[in-house]
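Observations on chain architecture
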Amino acid sequence: MKSAAFGIAATALALLSSCRGQPSDQPPVNVVPDMDMQPKFKAQSSNPFFADGRAMRPLVPGVVAVGHLEEDDGMFQGKVDGVWLERPPMTVDEKLLARGEERYNIFCAPCHDKTGSSNGTVIKRGFKPPPPALYEDHGKAMKDGELYAIIANGRGNMPSYRPQIPVADRWAIVTWVRVLQRSQKAKSEDVPAGTQVENATP
Ligand code: HEC
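Treat the numbers as computed from the prediction; the structure is a model and nothing was measured. Throughout this description, residue numbers start from 1 for each chain and increase along the sequence as written. With the structure being a predicted model, the display of local features is reserved for residues of pLDDT at least 70 and the display and counting of side-chain atom pairs for 80 or more, all residues being used for whole-chain, interface and lining totals. Calculated side-chain values reflect all of the structure's heavy atoms, with hydrogen atoms and water omitted.

Observations concerning the overall build of the chain
Formally: Starting at the N terminus, helices and strands are each numbered in turn, a helix being any DSSP run of H or I of at least four residues and a strand any DSSP run of E of at least two. The classification of residues rests on relative accessible area computed with a 1.4 Å probe and restricted to protein chains. Under 20% of the type maximum is buried, over 50% is exposed, and intermediate values are partly exposed. By definition, residues are in contact when any of their heavy atoms lie within 4.5 Å.
Across its full length, the chain carries nine helices and two strands. When the helices and strands of the chain are listed from N to C terminus, the series reads α-α-α-β-β-α-α-α-α-α-α. Looking at the chain residue by residue over its 202 residues, the buried ones come to 23%. For the chain, contacts bridging at least 24 residues in sequence account for 47% of all contacts bridging at least 6.

Take a look at the structure:
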């Protein structure tokens, strides 16, 4: 009896020691094989069940990822029925302007400069052709929705900032571009009465 118990203990020990992670050329022992080896299709593999033979199924037309319905054309495209929005589709307040300034200085200033002169570091280093200053008449005449769309989609050799800048921040930046357009070419009558100061530089 004693030797049988010893035998069992020794076998158990030997079995356990083989589970301790030593390298082995042998395939692992599958105690419950149907859990370890389930029938499945791996990415890019083929599947004769479908007429096109692809295991990976294309998305059904019109499918929308959760949280990406983006029904509001004005908010997401900057235009409704082909007409650019005149103003951002949210309240424009100091908070939005401050956010716009911060985001502009991060994402746009490298090329367009903090003033909007479009002579930022990247341009000085030889980016060709250089972009026009944002406060020239061409940029000034654009509607807010068009400025939004330029950030979202890019234009010419300006890349899209869709992946880096979320929708609300794009609109915030638009308000800051407007600030630059207003301030860089301001006339003295643009300064509210009572707040003008003498220009120190002649
Ligand atoms: C990598 C450099 C680069 C960055 C960064 C960049 N732009 Fe541009 N941008 C350009 C270039 C180049 C053009 C000219 C594109 C064209 O018309 O071919 C341009 C054009 C524009 C125009 C149109 C100006 C006009 O009068 O036609 C606007 C508005 C604008 N950018 C805004 C922005 C804003 C806002 C950001 C930040 C989110 C930004 N850009 C970031 C390079 C850049």
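With respect to the packing of aromatic side chains
Note the cut-off: For Phe, Tyr and Trp, where Trp contributes only its six-membered ring, two rings pair if their centres lie within 6.5 Å, and the inter-plane angle classes them as stacked under 30 degrees, edge-to-face over 60, or tilted in between.
In this structure the tally under the stated criterion is three aromatic pairs. Each ring, one from phenylalanine 49 and one from phenylalanine 50, has its centre 5.1 Å from the other, and the planes form 85°; the classification is edge-to-face. What makes phenylalanine 49 exposed here is its relative accessible area of 68%.

Observations regarding the packing of helix 8 (residues 144-153) against helix 9 (residues 167-184)
Note the threshold: A fitted line through C-alpha atoms serves as each axis, taken over the contacting stretch for helices, and the angle formed by two N-to-C directions is quoted from 0 to 180°. Our angle categories are set so that under 35 degrees counts as roughly parallel, over 145 as roughly antiparallel, 65 to 115 as roughly perpendicular, and the remainder as oblique. Left-handed describes a crossing whose near helix is turned anticlockwise from the far helix through less than a right angle; right-handed describes the clockwise counterpart. Under this grouping Gly is polar, as are all residues other than the nonpolar Ala, Val, Leu, Ile, Met, Phe, Trp, Tyr, Cys and Pro and the charged Asp, Glu, Lys and Arg.
Contact geometry for helix 8 and helix 9: axes closest at 9 Å, N-to-C directions at 125°. Relative to helix 9, helix 8 is oriented oblique. Pair helix 8 / helix 9 crosses with right-handed handedness. Here Asp144, Gly145, Leu147, Tyr148, Ile151 and Ala152 of helix 8 lie close against helix 9, whose contacting residues are Val167, Arg170, Trp171, Ile173, Val174, Val177 and Arg178. Class assignment of the residues belonging to the contact of helix 8 with helix 9 gives a composition of nine nonpolar, one polar and three charged.

Some details on helix 9
To keep it simple, the criterion reads: Working rule for helices: expected span equals 1.5 Å times residues minus one.
For helix 9, spanning 18 residues, the distance from its first C-alpha to its last is 26 Å, which sits close to the expected 26 Å at 1.5 Å a residue. Of all the residues in helix 9, the buried ones are Val167, Asp169, Arg170, Trp171, Ala172, Ile173, Val174, Thr175, Trp176, Val177, Leu180 and Gln181. Looking at the buried residues of helix 9, the elements they touch are helix 3 (73-77), helix 4 (94-107), helix 7 (137-140) and helix 8.

Some words on unusual backbone geometry
Of note, the bond from lysine 128 into proline 129 is cis; its omega dihedral lies within 30 degrees of zero at -10°. Phi is positive for glutamine 44, which is not a glycine, with a value near 70°. Structurally, glutamine 44 is set in the loop between helix 2 (33-36) and helix 3. Relative accessible area serves as the criterion here: at 69%, glutamine 44 is assigned to the exposed category. The backbone phi angle of glutamate 70 is positive, close to 45°, even though this residue is not glycine. When you line up the elements, glutamate 70 lands in the loop between helix 2 and helix 3. By relative accessible area, which is 35% here, glutamate 70 ends up partly exposed.

Observations concerning the pattern of salt bridges
Heads up, the rule is: What counts as a salt bridge is simple: a side-chain nitrogen of Lys or Arg found within 4 Å of a carboxyl oxygen of Asp or Glu.
All chains considered together, the criterion is met by 11 salt bridges. We note a salt bridge from glutamate 86 to lysine 143, for which the minimum N-O separation is 3.9 Å. Linking glutamate 86 in the loop between strand 2 (83-84) and helix 4 with lysine 143 in the loop between helix 7 and helix 8, this pair joins segments that are 57 residues apart in sequence. Here glutamate 86 falls in the partly exposed class, since its relative accessible area comes to 47%. For lysine 143, a relative accessible area of 31% translates into the label partly exposed. Among the ionic pairs, glutamate 146 bridges to arginine 155, the shortest N-O distance being 3.2 Å.

Re the site of the ligand
Filter applied, for reference: Throughout this document, a residue counts as near a molecule or strand when at least one of its heavy atoms sits within 4 Å of that molecule or strand. We define a polar contact as two N or O atoms separated by no more than 3.5 Å, with the added condition that, inside protein, one atom must be a possible hydrogen donor and the other a possible acceptor, whereas residues neighbouring each other in sequence contribute only through side-chain atom pairs. Cavity means a closed set of points on a 1 Å grid over the protein atoms alone, one where a 1.4 Å probe fits but cannot get out, pocket means an open set with protein on both sides within 12 Å along at least 5 of 7 lines, and lining means a residue has an atom within 4 Å of a point. To decide whether a molecule occupies a pocket or cavity, check its atoms: if more than half lie within 2 Å of the grid points, it is inside.
Around the ligand, the structure places 22 residues, and the nearest of them are Cys108, Cys111, His112, His138 and Met158. The side chain of histidine 112 places a nitrogen or oxygen atom 2.7 Å from a nitrogen atom of the ligand. One of the side-chain N or O atoms of histidine 138 is found 2.7 Å from an oxygen atom in the ligand. Put simply, the ligand lies in the largest pocket. Broken down by element, the residue count for the shell around the ligand peaks at three residues, all from helix 8. Grouping the constituent residues of the shell around the ligand by class yields 16 nonpolar, five polar and one charged.

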